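Here is how the chains run, residue by residue.
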Amino acid sequence: AELRAVLDEELAALPAKYREVLVLADLEQKGRGRVAAELGLPEGTVASRHARARALLAGRLTRRGWGLPAYLAAVAPALV
């Protein structure tokens, strides 16, 4: 429950261009091509934003005592 609250806060604090890619790619489990089509962006842009978003989120979560592995564990149920 604590991780979920921290995750919600940190996702909300990300710039929209990074948050939307993370939500579509990680939480909704859409592929790069589909995310690119939905956002009207080239796939390369989606890939770089996704990587940057994860790096930003990892830094934010690490400062709060969690880290990117906690995020990935939190979205793991969506992967199954």
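Residues numbered from 1 in each chain as written. Predicted model: local features only at pLDDT ≥ 70, side-chain atom pairs only at ≥ 80, totals over all residues. Heavy atoms only, no water.

Asker: I tried to follow the overall build of the protein chain on my own but got confused; where do I start?
Answerer: The number of helices and strands found in the protein chain is five helices and zero strands. Tracing the protein chain from N to C terminus, the helices and strands come up as α-α-α-α-α. A compact globule built from 80 residues should have a C-alpha radius of gyration of about 12 Å, and the protein chain, at 12 Å, falls within 12% of that. Across its three principal directions, the C-alpha atoms of the protein chain cover 35 × 25 × 15 Å. Per-residue burial for the protein chain yields a buried fraction of 34% across its 80 residues. At a minimum sequence separation of 6, the contacts of the protein chain that also span at least 24 residues come to 61%. Carbon and sulfur atoms form 54% of the exposed surface of the protein chain, whose accessible area is close to 4,500 Å². Charged side chains in the protein chain number 12 positive and 9 negative. The centres of these two groups are separated by 5 Å. (Helix = DSSP H or I, 4+ residues; strand = E, 2+ residues; numbered from the N terminus. Rg over C-alpha atoms; globule rule 2.2 N^0.38 Å. Buried < 20%, exposed > 50% of the residue type's maximum accessible area, 1.4 Å probe, protein only. Contact = heavy atoms within 4.5 Å. Areas by Shrake-Rupley, 256 points an atom, 1.4 Å probe, with all protein chains shown as cover. Lys, Arg positive; Asp, Glu negative; His and termini not counted. Charge placed at Lys NZ, Arg CZ, Asp CG, Glu CD.)

Asker: When you look at the nonpolar core in this model, what are you seeing that I'm missing?
Answerer: Here is a general trend for soluble globular proteins: nonpolar side chains tend to be buried in one another's company. In this structure, Val-6, Leu-7, Leu-11, Leu-14, Tyr-18, Leu-22, Ala-53, Leu-56, Leu-57, Leu-61, Tyr-71 and Val-75 together form the largest nonpolar core, which totals twelve residues. Of all the secondary structure elements, the ones that give two or more residues to this core are α1 (2-13), α2 (16-27), α4 (43-63) and α5 (68-79). For this core, the element with the highest residue contribution is α4, accounting for four residues. Setting aside chain neighbours within four positions, we find Val-6 in contact with Leu-61, Arg-64 and Trp-66. (Core = buried A, V, L, I, M, F, W, Y, C linked by side-chain atoms within 4.5 Å.)

Asker: I'm lost on unusual backbone geometry in this one. Help?
Answerer: Peptide bonds are trans in most cases, and residues, glycine excluded, mostly fall at negative phi. Phi angles above zero are rare outside glycine, and Gln-29 is one such case at about 55°. You can see Gln-29 is positioned in the loop between α2 and α3 (32-39). With relative accessibility at 36%, the residue Gln-29 sits in the partly exposed group.

Asker: What exactly am I supposed to notice about the packing of α1 against α4 here?
Answerer: The packing of two helices is summarised by the inter-axis angle and the distance between the axes. Relative orientation of the contacting elements α1 and α4 amounts to 135°, with a least axis distance of 10 Å. The angle between α1 and α4 falls in the class oblique. Crossing angle aside, the handedness with which α1 passes α4 is right-handed. Across from Val-6, Leu-7, Glu-10, Leu-11 and Ala-13 in α1, the residues of α4 making contact are Leu-57, Arg-60 and Leu-61. Class assignment of the residues belonging to the contact of α1 with α4 gives a composition of six nonpolar, no polar and two charged. (Axes fitted to C-alpha atoms, helices over the stretch in contact; angles between N-to-C directions. Parallel < 35°, antiparallel > 145°, perpendicular 65-115°, else oblique. Left-handed = near helix turned anticlockwise from the far one by under 90°. Nonpolar A, V, L, I, M, F, W, Y, C, P; charged D, E, K, R; others polar.)

Treat this as a map of the structure, not an account of what it does.
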